[in-house]
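# Examining the three-dimensional arrangement
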Amino acid sequence: MTITACLGVVGTFIGLVRALPQLLSVLRSRGALGVSVDTAATSAIVGFGWATYGLLTGQPFVSLATGASAVVFLLITIFSLCYGRKLAELKIAPLWFMVLCIGTWLNGEHGLGFILPVSILVSNVPQLLVALKEESLVDLSLGTWLFSISDGSVWGLYALLAGDSAILIFGILQFLTSGLIVLLKLMDMGKVRQGAV
């Protein structure tokens, strides 16, 4: 097995479990404080876009990892809406769905390969904004965002070896935005601990 294939396997595993901590947190607490429903929905849409890209470019690891992650993000969206988030918070997700559809329709895999790398910004920035503005991030899963940092690292290395610039840009942006979200969550956890003392 080549190094690229090994990274694909690791990336697939991370993709399969990456969003599970957030889903479990929402289900366990029956709340979604600090969770961006727009990020969850956009992540589901982007995940399905990457799964399509993986199919079109003959990269089954990309398709499996992102498709599975997309399903979990879709469940997070649904349960977050059930547990207090508002449908009106979905601002970017419907727009980005149209952008990906048009890009695919106009230029197939090349259209997706051009649009998908910036999709991580489109999906993660709403979570950054929610984390910056909400009082409590108690229901935001640290585990999901730590897995997201790993996701960016593994797929970035995979892309370097496979020579896929679209996945490389995604990996870098995933690493950076997820790192900021982790930092905000850790700062919130520190405030909670100080308040408990």
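Please refer to the structure placed before this passage.
Report on the accompanying structure.

Calculation notes
Residues numbered from 1 in each chain as written. Predicted model: local features only at pLDDT ≥ 70, side-chain atom pairs only at ≥ 80, totals over all residues. Heavy atoms only, no water. Helix = DSSP H or I, 4+ residues; strand = E, 2+ residues; numbered from the N terminus. Buried < 20%, exposed > 50% of the residue type's maximum accessible area, 1.4 Å probe, protein only. Contact = heavy atoms within 4.5 Å. Axes fitted to C-alpha atoms, helices over the stretch in contact; angles between N-to-C directions. Parallel < 35°, antiparallel > 145°, perpendicular 65-115°, else oblique. Nonpolar A, V, L, I, M, F, W, Y, C, P; charged D, E, K, R; others polar. Phe/Tyr/Trp six-rings, centres within 6.5 Å; stacked < 30°, edge-to-face > 60°.

## Let's talk about the side chain of Ser-25
Examined against the element boundaries, Ser-25 turns out to sit in helix H2 (residues 20-29). Looking at Ser-25, the relative accessible area reads 10%, which means it is buried. Residues within four places of Ser-25 in sequence aside, it is in contact with Asp-139 and Ser-141.

## Thoughts on the packing of helix H1 (residues 3-17) against helix H4 (residues 60-82)
Axes are the key here: two packed helices are described by the angle between their axes and the distance separating the axes. Across the interface, H1 lies against H4 with an axial gap of 8 Å and an inter-helix angle of 10°. With respect to H4, the element H1 is oriented roughly parallel. Across from Ala-5, Gly-8, Val-9, Gly-11, Thr-12, Gly-15 and Leu-16 in H1, the residues of H4 making contact are Phe-61, Leu-64, Ala-65, Ala-68 and Ser-69. Among the residues forming the contact of H1 with H4, the class breakdown is seven nonpolar, five polar and no charged.

## Regarding the environment of Met-1
Relative to the helices and strands, Met-1 is located in the segment before H1. Residue Met-1 is classed as exposed on the basis of its relative accessible area of 77%. For the pair formed by Met-1 and Thr-12, sequence separation is 11 residues and the distance between their alpha carbons is 15 Å. For Met-1, the residues in contact, after removing those within four places along its chain, are Cys-6 and Val-9.

## Some words on the packing of aromatic side chains
Under the criterion given, the structure shown has four aromatic pairs. Between Trp-155 and Tyr-158, the ring centres sit 4.9 Å apart and the planes meet at 75°, which makes this aromatic pair edge-to-face. Placement of the pair is Trp-155 and Tyr-158 together in helix H6 (residues 142-162), with a separation of three residues, close to one helical turn. Residue Tyr-158 is classed as buried on the basis of its relative accessible area of 6%. A network of ring pairs unites the aromatic residues Trp-50, Tyr-53 and Phe-170 as a single cluster.

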